[in-house]
Amino acid sequence: GENVEQHPSTLSVQEGDSAVIKCTYSDSASNYFPWYKQELGKRPQLIIDIRSNVGEKKDQRIAVTLNKTAKHFSLHITETQPEDSAVYFCAAVRYNFNKFYFGSGTKLNVKP
Amino acid sequence: DVKVTQSSRYLVKRTGEKVFLECVQDMDHENMFWYRQDPGLGLRLIYFSYDVKMKEKGDIPEGYSVSREKKERFSLILESASTNQTSMYLCASNPSGGNQPQHFGDGTRLSIL
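Residues numbered from 1 in each chain as written. Chains lettered and ligands numbered in written order. Predicted model: local features only at pLDDT ≥ 70, side-chain atom pairs only at ≥ 80, totals over all residues. Heavy atoms only, no water.

Draft legend 1. Layout of the interface of chain B and chain A. Counting residues at the interface gives 26 residues for chain B and 19 residues for chain A. Carbon and sulfur atoms make up 47% of the surface buried where chain B meets chain A, a total of about 1,900 Å² over both sides. Across the chain B-chain A interface, the total number found is 2 salt bridges. Between Arg 43 of chain A and Asp 106 of chain B there is a salt bridge, with its nearest N and O atoms 2.8 Å apart. (Contact = heavy atoms within 4.5 Å. Buried area = accessible area lost by both parts, 1.4 Å probe. Salt bridge = Lys/Arg side-chain N within 4 Å of Asp/Glu carboxyl O.)

Draft legend 2. Structural context of the sheet that holds strand E1 (residues 4-7) of chain A. All names here are of chain A. Within the open sheet, the 5 strands sit side by side as E1-E3-E8-E7-E6. Their pairing is antiparallel. Each edge of the open sheet carries a strand with a single partner, namely E1 and strand E6 (56-59). Between one strand axis and the next, the sheet turns by 15° as a mean value, whatever way the strands run. Taken together, the 4 bridges between E6 and strand E7 (residues 62-67) define a ladder with antiparallel strand orientation. Bridged to Asp 59 within E7 is Ile 62. (Pairing = 2+ DSSP bridges. Helix = DSSP H or I, 4+ residues; strand = E, 2+ residues; numbered from the N terminus. Axes fitted to C-alpha atoms, helices over the stretch in contact; angles between N-to-C directions.)

Draft legend 3. Main features of the sheet that holds strand E3 (residues 19-25) of chain B. Residue and element names in this part refer to chain B. Pairing is antiparallel across the open sheet formed by 4 strands, whose spatial order is E1-E3-E8-E7. Of all strands in the sheet, those bounded by a partner on one side alone are strand E1 (4-6) and strand E7 (64-70). Across the sheet, the mean angle separating the axes of adjacent strands is 20° when strand polarity is ignored. Of the pairings in the sheet, the one linking E3 to strand E8 (residues 73-78) comprises 6 bridges and is antiparallel in character.

Draft legend 4. Examining the pattern of salt bridges more closely. What the rule picks out here adds up to 13 salt bridges over all chains. Notably, a salt bridge pairs Glu 22 of chain B with Arg 73 of chain B, separated by 4.0 Å at the nearest N-O pair. Here Arg 73 of chain B lies in strand E8 and Glu 22 of chain B lies in strand E3, a separation of 51 residues in the sequence. For Glu 22 of chain B, a relative accessible area of 22% corresponds to the partly exposed category. One salt-bridge network, held together by shared partners, links Asp 49, Arg 51 and Lys 57 of chain A. (Buried < 20%, exposed > 50% of the residue type's maximum accessible area, 1.4 Å probe, protein only.)

Draft legend 5. Seen up close, the state of the cysteines. Residue and element names in this part refer to chain A. Throughout the structure, instances matching the rule amount to 2 disulfides over all chains. Across the disulfide from Cys 23 sits Cys 90; the S-S distance is 2.0 Å. Here the disulfide of Cys 23 and Cys 90 is left-handed, its torsion about the S-S bond being about -100°. With Cys 23 in strand E3 (residues 19-25) and Cys 90 in strand E9 (residues 86-94), this pair connects stretches of sequence that are 67 residues apart. Both residues of the pair, Cys 23 and Cys 90, belong to the buried class. (Disulfide = S-S within 2.5 Å.)

Draft legend 6. Expanded view of the packing of aromatic side chains. A full pass over the atoms with the stated rule returns 15 aromatic pairs over all chains. On the numbers, 5.4 Å between centres and 90° between planes, the contact of Tyr 36 of chain A with Phe 104 of chain B is edge-to-face. Of this pair, Tyr 36 of chain A sits in strand E4 (residues 30-38) while Phe 104 of chain B sits in strand E10 (residues 103-104), which puts the two residues in different chains. Like Tyr 36 of chain A, the residue Phe 104 of chain B is buried in the burial classification. Ring-pair connections join several aromatic residues into one group, and the members of that group are Tyr 32, Tyr 36, Phe 100 and Phe 102 of chain A together with Phe 33, Tyr 35, Phe 48, Tyr 50 and Phe 104 of chain B. (Phe/Tyr/Trp six-rings, centres within 6.5 Å; stacked < 30°, edge-to-face > 60°.)

Here it is in structure tokens:
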């Protein structure tokens, strides 16, 4: 089965700095990579996703990059704000199986 | 907007009890999922369902069963609760067709005493 590793487990940045979270996956057949944000006491919510036919996707301050050859993908948050503080999860999905394999999560703390 | 509703936010049960966690979605999604979330372990899949009366084991099905009698409802059952099943349980759904994001409920924090 798929194995998704996520690093770092915790990340502390100063407000305004950038934050980068990295995930690697093992199954070359995985072709869909969503990112979820979970604020304390709330449900995980999709913030951005990427499919394997593109290498990068951007949505305002958030971007995701995908390197299929190396089997890793990353979340980039620029100009971080205190409300970005949350736990972020990556996932890898194989098209025909619809099983989401989640990373172990990254707790991001943005200090004002 | 997709709405996935879990019946309880917090639940306290005793060892050996039969426990039911309920999940309802209102978007006519074919697929529904149950995860448990533990610190440092991320989300682990317990069971999922692709259709009514259909179920598939996930990665950690031991000690659990599920029921899907109607398309909108997916129930997780702890046949005989044990303390190591104390956890946060998350329900999710998504439509069929591949590469569709999952939508999550608010979670049930279950404590087994």
